[in-house]
Amino acid sequence: MIQGLRSMPVLTVKEIEKSVEFFTAGLGFVLAGSWKDDEGKSSFAIVVMDNITVGLQRGTPKKESGPWAAYFYVQDIDAFAAQIESNGIRLKCQVTDQFYGCRDLEVEDYDRNVLCFGQDRTPREAGPGL
């Protein structure tokens, strides 16, 4: 029986609204829902793009820029790069063929979370990157 359905990385961000704007207007995600705390401040949001789901939780990010906070697989990395650049998103790392069989790019959000988007160059039955 298959149990794994999907995953949702949760990123800690300072400002929910600013991060939602980055993901929706910049990266092409859609806001699926948002919640406020007892004081009426935005505390959590979920954004989606096709089968990719990301949670955004208000808090103090614990790290400076560093390794990826999350890796997302897309169908056409070059088209995705053109789309997000046209939305004003600066690529931290240009689209590059990697030794691990993917072609990917990196972006950094307002809280310095490094997000990698990639396309599997040799898709296998087991799934992307495997």
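All of these numbers come straight from a predicted model, not from anything done at the bench. (Residues numbered from 1 in each chain as written. Predicted model: local features only at pLDDT ≥ 70, side-chain atom pairs only at ≥ 80, totals over all residues. Heavy atoms only, no water.)

Attention now goes to the sheet that holds strand E4 (residues 52-58). Pairing within the open sheet is mixed, and its 4 strands lie in the order E1-E4-E3-E2. Each edge of the sheet is formed by a strand with only one pairing partner; in this case those strands are strand E1 (10-13) and strand E2 (30-36). Within the sheet, the average angular offset between the axes of one strand and its neighbour, ignoring direction, is 20 degrees. Alignment of E2 against strand E3 (residues 42-49), held across 6 bridges, turns out to be antiparallel. For Leu31, the partnering residue across the bridge sits in E3 and is Val47. Here helix H1 (residues 16-26) sits on the sheet and contacts E1, E2, E3 and E4; the angle it forms with E3, its principal contact strand, is near 5 degrees. (Pairing = 2+ DSSP bridges. Helix = DSSP H or I, 4+ residues; strand = E, 2+ residues; numbered from the N terminus. Axes fitted to C-alpha atoms, helices over the stretch in contact; angles between N-to-C directions. Contact = heavy atoms within 4.5 Å.)

This part takes up the confidence of the model for the protein. The predicted model of the protein averages 90 in pLDDT, with 92% of residues at 70 or higher. For the protein, the element scoring lowest by mean pLDDT is strand E5 (residues 68-73), at 92; H1 scores highest, at 98. (pLDDT = per-residue confidence, 0-100.)

Our next topic: the sheet that holds strand E6 (residues 93-97). If you trace the 4 strands from one edge of the open sheet to the other, you get E5-E8-E7-E6, paired in mixed fashion. Each end of this open sheet is capped by a strand with a single partner; those strands are E5 and E6. For this sheet the average axis-to-axis angle between neighbouring strands, irrespective of direction, equals 20 degrees. Examined bridge by bridge, E5 and strand E8 (residues 114-120) share 5 bridges and lie parallel to one another. Bridging from a neighbouring strand, Trp68 pairs with Val114 of E8. Each of E6, strand E7 (102-108) and E8 touches helix H2 (residues 77-86); the most contacted strand, E7, lies at about 20 degrees to it.

What follows concerns H1. For an α-helix, the turn length of 3.6 residues means that residues three or four places apart are oriented alike. Residues Ile16, Ser19, Val20, Phe22, Phe23 and Gly26 constitute the buried set of H1. Once H1 finishes, Gly28 follows within two positions and takes phi at roughly 90 degrees, a positive value. (Buried < 20%, exposed > 50% of the residue type's maximum accessible area, 1.4 Å probe, protein only.)

On to the packing of aromatic side chains. By the definition in use, this model includes 11 aromatic pairs. Taking 6.0 Å as the distance between ring centres and 50 degrees as the angle between the ring planes, the aromatic pair formed by Trp35 and Phe44 counts as tilted. Judged by relative accessible area, which is 45%, Trp35 ranks as partly exposed. Judged by its relative accessible area of 18%, Phe44 falls in the buried class. Between Phe72 and Phe117 the ring centres are 5.0 Å apart and the planes differ by 35 degrees, which places this aromatic pair in the tilted class. (Phe/Tyr/Trp six-rings, centres within 6.5 Å; stacked < 30°, edge-to-face > 60°.)

Positive phi outside glycine occurs at Asp50, with the angle close to 55 degrees. Structurally, the position occupied by Asp50 is in the loop between E3 and E4. With a relative accessible area of 75%, Asp50 lands in the exposed category. A positive phi angle, close to 70 degrees, is found at Arg112, a residue other than glycine. Tracing the sequence through the fold places Arg112 in the loop between E7 and E8. For Arg112, a relative accessible area of 36% puts it in the partly exposed group.

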